[in-house]
Amino acid sequence: MSLTALTWRVKSPVHTEHKLSPSDKTRELRLLPPVQRETLQLHYLPRTSTYRGYCTFNHSVVLHIFLRLFTMATTFATRMLLSTLENAASNKTTLPFRRPFDDITATVVAGILISFMVIGFFGNLLTICVILTSSKLGNIFNQFILSLCFSDLISACISWVNLYRRTWGFDDFAPPNFFCWFYWGADICTSYVTAMHILSFAILRLISVWKPFVFTKITVVHGRIWILVMWVIGFTCGFIPFAYISGASTPDRSDLSSATARWPACTQKFETIHIYKQMIHIAYPFFLYAPCVGILFMSIAITSLLLGNRMEKTKKRTMSVVSDACKQEKEVKKERQAILQLMLIVGSFMIGYIPFTIFEFWTVGNTDESFQTWQTEWMFGTVQYIFMRFSECLNPIFYNLASAKMRSETVLFLKRKLCKCCFPAKVLSRADNSSVMSHTGLQL
């Protein structure tokens, strides 16, 4: 814009210079339209000797111009900053999500867990059938073993849910929500029940060694009531709370720094996460950690008592009496079997639940949010679950290794079933012969 356009000059009709007084300027400004009046007021220039008739410089107008320009620049800069932040946030959310495992790892884990599931299912089912069908395995200790096998059988049946939720169902849990909350409730319930069973088994062994006369007053009925109470406690304190706070939903992976963004789709609900933390700090120490410590101390006490009793009996042994020597030999053999059975059951329990305890303590205190730590956490959680399923597969084997009577009854049960499946005619002929013998009293 030229200088003449930015200045205001009063021109006479004959284009002669005419000097206006301030009052005349004000009067003529008032006669102009508002837009032209504002334009002329914003572009006053100081009077010079060359150009006459120009208006004087106005400081308030210039200050107003600079304020307007500053406001426009500030608004533009703010909008640019907000746009940059939005673009950065959108780029962060559109980054490809990486799972903490690959397909090869998932396949290997699936092969291991499926194998353990099959072995654990048939092994515990076989032990249950042997104890239920045998009249020689009806003592109170076998009742606790029967209940332990039932707990391990439930864990084996629901182990596929944990495999799926940690691998192919990590982002989207396809089965109905029932399988998710039922898995969490049943898994925690069986864990509580197993810990209480092992502790009760150790208590019974301690009573039988320390106070034999008191142990003779504990019947099988008392043992079954004891077992029923433990299952009620496990269902009330384990199944109901964890079934309530668990469920399947599609996780929000946009912000991986949040606590729930890295969890599987089937896990605890976000709105009940405070209940889950309370369960970890209150229920886990009471139902899992305390029994582990109690089992360890009772096992040491039982071993020391048995060794002390054996030394006393050795001192009192008389070589002249053969019957007493044979009797003491049988007692020593029973004591060895009792120690072996207890050590194997406790050892199997420790194999499964020591890694679980370490994992829980580590996850609670871990604050690292890096991807490598997430991979380590996923692998640690998977390995400790494999150890737990491995211990459940070992239990039926340990039961048979520790008891000669259990081994003989298991072999007899398998022979009956195999003969019935492979040679049904021989089984029928034996049944007919037994019926004839029962009527005539003769062995044909």
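Rules used in this analysis
Residues numbered from 1 in each chain as written. Predicted model: local features only at pLDDT ≥ 70, side-chain atom pairs only at ≥ 80, totals over all residues. Heavy atoms only, no water. Helix = DSSP H or I, 4+ residues; strand = E, 2+ residues; numbered from the N terminus. Buried < 20%, exposed > 50% of the residue type's maximum accessible area, 1.4 Å probe, protein only. Contact = heavy atoms within 4.5 Å. Areas by Shrake-Rupley, 256 points an atom, 1.4 Å probe, with all protein chains shown as cover. Lys, Arg positive; Asp, Glu negative; His and termini not counted. Salt bridge = Lys/Arg side-chain N within 4 Å of Asp/Glu carboxyl O. Polar contact = N/O pair within 3.5 Å; in protein donor to acceptor, adjacent residues only side chain to side chain. Axes fitted to C-alpha atoms, helices over the stretch in contact; angles between N-to-C directions. Parallel < 35°, antiparallel > 145°, perpendicular 65-115°, else oblique. Left-handed = near helix turned anticlockwise from the far one by under 90°. Nonpolar A, V, L, I, M, F, W, Y, C, P; charged D, E, K, R; others polar. Disulfide = S-S within 2.5 Å. Core = buried A, V, L, I, M, F, W, Y, C linked by side-chain atoms within 4.5 Å. Phe/Tyr/Trp six-rings, centres within 6.5 Å; stacked < 30°, edge-to-face > 60°. Lys NZ or Arg CZ within 6 Å of the ring centre and 35° of its normal. pLDDT = per-residue confidence, 0-100.

1. Some details on the overall build of the chain
Reasoning step 1: Along the chain, the regular secondary structure elements total 14 helices and 2 strands.
Reasoning step 2: With 444 residues in all, the chain has 38% of them scored as buried.
Reasoning step 3: Once local pairs closer than 6 in sequence are excluded, the contacts in the chain between residues at least 24 apart make up 75%.
Reasoning step 4: Accessible area for the chain stands at about 26,900 Å²; split by element, carbon and sulfur atoms hold 68% of it.

2. Considerations on the side chain of Arg166
Reasoning step 1: With respect to the helices and strands, Arg166 occurs in helix H6 (residues 140-166).
Reasoning step 2: The side chain of Arg166 sits in the buried core without any salt bridge; Glu377 is the nearest counter-charge, 7.2 Å away.
Reasoning step 3: Among the polar contacts listed, one links the side chain of Arg166 to the side chain of Thr382, at a separation of 3.2 Å.
Reasoning step 4: The contacts of Arg166, once residues within four sequence positions are left out, are Phe101, Glu377, Trp378, Gly381 and Thr382.

3. A few points about the packing of H6 against helix H7 (residues 177-210)
Reasoning step 1: Contact pair H6 / H7: the axes reach a minimum separation of 9 Å and the direction vectors enclose 155°. As far as their axial angle goes, H7 and H6 are roughly antiparallel. The interaxial crossing formed by H6 with H7 has left-handed handedness.
Reasoning step 2: A breakdown of the residues in the contact of H6 with H7 according to their chemical character gives 17 nonpolar, 9 polar and 4 charged.

4. A word on the state of the cysteines
Covalent bonding between the sulfur atoms of two cysteines defines a disulfide.
Reasoning step 1: For the structure shown, the criterion picks out 1 disulfide.
Reasoning step 2: Between the sulfur atoms of Cys180 and its disulfide mate Cys266 the distance is 2.0 Å. Taking the sign of the S-S torsion, about 105° here, the bridge from Cys180 to Cys266 comes out right-handed. Linking Cys180 in helix H7 with Cys266 in strand E2 (residues 266-268), this pair joins segments that are 86 residues apart in sequence.
Reasoning step 3: A residue is classified by how much of its surface remains accessible, and Cys180, at 0% relative accessible area, is buried.
Reasoning step 4: Cysteine Cys237 is unpaired, with the sulfur of Cys189 as its nearest cysteine sulfur at 9.6 Å.
Reasoning step 5: Relative accessible area serves as the criterion here: at 28%, Cys237 is assigned to the partly exposed category.

5. Here's the deal with the packing of H7 against helix H9 (residues 220-245)
Reasoning step 1: Here H7 crosses H9 at 150°, and the two axes come no closer than 8 Å. Between H7 and H9, the angle falls in the class roughly antiparallel. For H7 against H9, the interelement crossing comes out right-handed.
Reasoning step 2: Here the residues of the contact of H7 with H9 sort into 21 nonpolar, 5 polar and no charged.

6. Focus: the nonpolar core
Reasoning step 1: In this structure, Tyr192, Phe242, Tyr284, Leu288 and Phe349 are the most contacted members of the largest nonpolar core, which totals 81 residues.
Reasoning step 2: Considering each element in turn, this core owes the most residues, 16 residues, to H7.

7. Considerations on the packing of aromatic side chains
Reasoning step 1: Enumeration according to the criterion identifies 28 aromatic pairs in this entry.
Reasoning step 2: Measuring from ring centre to ring centre gives 5.3 Å for Phe141 and Phe201, while their planes differ by 65°; the resulting arrangement is edge-to-face. Placement of Phe141 in helix H6 and of Phe201 in helix H7 is noted, with a sequence separation of 60 residues between them.
Reasoning step 3: Ring centres of Phe242 and Tyr284 lie 6.3 Å apart, and the angle between their planes is 10°; this geometry places the pair in the stacked category. Of this pair, Phe242 sits in helix H9 while Tyr284 sits in helix H10 (residues 273-316), placing them 42 residues apart in sequence.
Reasoning step 4: Pairwise contacts between aromatic rings join Phe242, Trp263, Tyr276, Tyr284, Tyr289, Phe349, Tyr353 and Phe356 into one cluster.
Reasoning step 5: The ring of Trp210 has Lys211 lying over it, and the distance from NZ or CZ to the ring centre is 5.2 Å.

8. Side note on the side chain of Thr410
Reasoning step 1: Turning to its location among the elements, Thr410 is positioned in helix H13 (residues 404-422).
Reasoning step 2: With relative accessibility at 9%, the residue Thr410 sits in the buried group.
Reasoning step 3: In contact with Thr410, not counting residues within four places along its chain, are Leu126, Val130 and Asn400.

9. Overview of the confidence of the model for the chain
Caution applies to low-pLDDT parts of the model: their predicted coordinates are not meant to be read in detail.
Reasoning step 1: Within the chain, residue pLDDT values average 77, and 68% of them lie at 70 or more.
Reasoning step 2: Within the chain, the lowest mean pLDDT, 42, falls on helix H1 (residues 3-6), and the highest, 95, falls on H9.
Reasoning step 3: For residues 1-18, every residue scores under 50 in pLDDT, and the model assigns this stretch 20 contacts once sequence neighbours within four places are set aside.
Reasoning step 4: A low-confidence stretch, residues 91-95 (pLDDT under 50), is modelled with 2 contacts involving residues beyond four sequence positions or located in other chains.

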